[in-house]
Amino acid sequence: MRKTEQGLNKGLPIGVRRTISYIVLAMMCVMCLVWFYILIINSTRSRGELTAGFTPIPSTYLIKNFINLRDTSGLPIVRGMINSIVIATLSATLSVYFSTMTAYAIHAYRFKGRKLIFTFILGIMTIPTQVTALGFVQMISNAGLMDSYLPLVLPSIAAPAVFFYMKQYMDSSLPHSLIEAARIDGASEFRTFNTIALPLMKPAIAVQAIFSFVASWNNYFVPALVLHKDRMKTLPILIAQLRSADFLKFDMGQVYVMILFSIAPVIVVYLILSKHIIGGLTVGGVKG
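Residues numbered from 1 in each chain as written. Predicted model: local features only at pLDDT ≥ 70, side-chain atom pairs only at ≥ 80, totals over all residues. Heavy atoms only, no water.

So, the pattern of salt bridges
Counted by the stated rule, this structure contains four salt bridges. With a shortest N-O distance of 3.1 Å, Glu 189 and Arg 183 are connected by a salt bridge. Using a relative accessible area of 29% as the deciding quantity, one classes Glu 189 as partly exposed. Residue Arg 183 is classed as partly exposed on the basis of its relative accessible area of 24%. A salt bridge links Lys 233 to Asp 230, with the nearest nitrogen and oxygen atoms 3.2 Å apart. (Salt bridge = Lys/Arg side-chain N within 4 Å of Asp/Glu carboxyl O. Buried < 20%, exposed > 50% of the residue type's maximum accessible area, 1.4 Å probe, protein only.)

As structure tokens, then:
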């Protein structure tokens, strides 16, 4: 015991350890943000300046690159932005709400097969999207849902990863005594869920809303299989089309501007919900 205490006393002072932690965090922050800085700089440069090499000084072609992107690319950029916002918002909303409701059912009720259902839902997480893509496309094609938003939005109701996170968060933050008290007071199950469970889950909901929104926003594989009309396509598909243009017409400045244009809503959503992230990540990971 004494040797252990002596070993701890010989460790680095708290001030030194704190300084080292700040330095490491600052380096990680720079490593994460430097790519956004490069994106912003490159979006302000012309095609000739980009081929000449990188420079940390911004240029003056940002507005011109966007005008060229809008006028010469032939792609419905604004329409693609609206499509992505609608799909990502609906997907995040449905995913978070119904996954929370499913987690609440497993958490609040005791019934036979409860653990089996929980294991089955987690097992679905191991199935890659590519494995079921062919059958999925055939099903929506037979249903006449090609070039529709429904195949991209409705499957988000079943989100095993969001369900698992919400279930773990409920185990640490939603006591059964609170649910029983609401039932004794005469509250219905839906009212208990919507007025008691959901408000307590705000940090976790904010975290998963951001993750679900970003995942849907960046999704390219499934929309590329479903959406074929230009007016229905999302921004990731349009960016891929822009990059696959003829080499003589290819303008990297337009690509950088389009990428910068496409990440703006994600940053806005993050800034709105960011205050809940720390609480959601820490409390959800600690079982009380």
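Next comes the rest of the description.
Observations concerning the packing of aromatic side chains
By the definition in use, this model includes eight aromatic pairs. Ring plane angle 55 degrees and centroid distance 5.3 Å describe the contact between Tyr 104 and Phe 193, whose orientation is recorded as tilted. Of the two residues, Tyr 104 sits in helix 5 (residues 77–108) while Phe 193 sits in helix 11 (residues 189–200), which places them 89 residues apart along the sequence. Note on accessibility: Tyr 104 and Phe 193 belong to one class, buried. Lying over the aromatic face of Phe 118, Lys 167 brings its terminal NZ or CZ to 5.7 Å of the ring centre. (Phe/Tyr/Trp six-rings, centres within 6.5 Å; stacked < 30°, edge-to-face > 60°. Helix = DSSP H or I, 4+ residues; strand = E, 2+ residues; numbered from the N terminus. Lys NZ or Arg CZ within 6 Å of the ring centre and 35° of its normal.)

Considerations on helix 9 (residues 160–173)
The end-to-end C-alpha distance of helix 9, which contains 14 residues, comes to 20 Å, matching closely the 20 Å that a straight helix rising 1.5 Å per residue would cover. Those residues of helix 9 that fall on the buried side of the exposure criterion are Pro 160, Val 162, Phe 163, Tyr 165, Met 166, Lys 167, Tyr 169 and Met 170. (Expected span 1.5 Å × (residues − 1).)

Side note on the nonpolar core
A general tendency of soluble globular proteins is for nonpolar side chains to be buried together. Among the nonpolar cores identified, the biggest contains 23 residues, and Tyr 104, Phe 163, Met 166, Met 170, Leu 174, Met 201 and Ala 204 are the most heavily contacted of them. The set of elements that each furnish at least two residues to this core consists of helix 5, helix 6 (114–124), helix 9, helix 11 and helix 12 (202–218). Per element, the largest residue contribution to this core is six residues, and it comes from helix 9. Contact partners of Leu 174, with chain neighbours within four places excluded, come to Tyr 104, His 107, Tyr 169, Ile 179, Ala 197 and Leu 200. With 18 residues, the next largest nonpolar core counts Met 81, Ile 210, Met 258 and Val 269 among its residues. (Core = buried A, V, L, I, M, F, W, Y, C linked by side-chain atoms within 4.5 Å. Contact = heavy atoms within 4.5 Å.)

Structural measurements only, silent on function.
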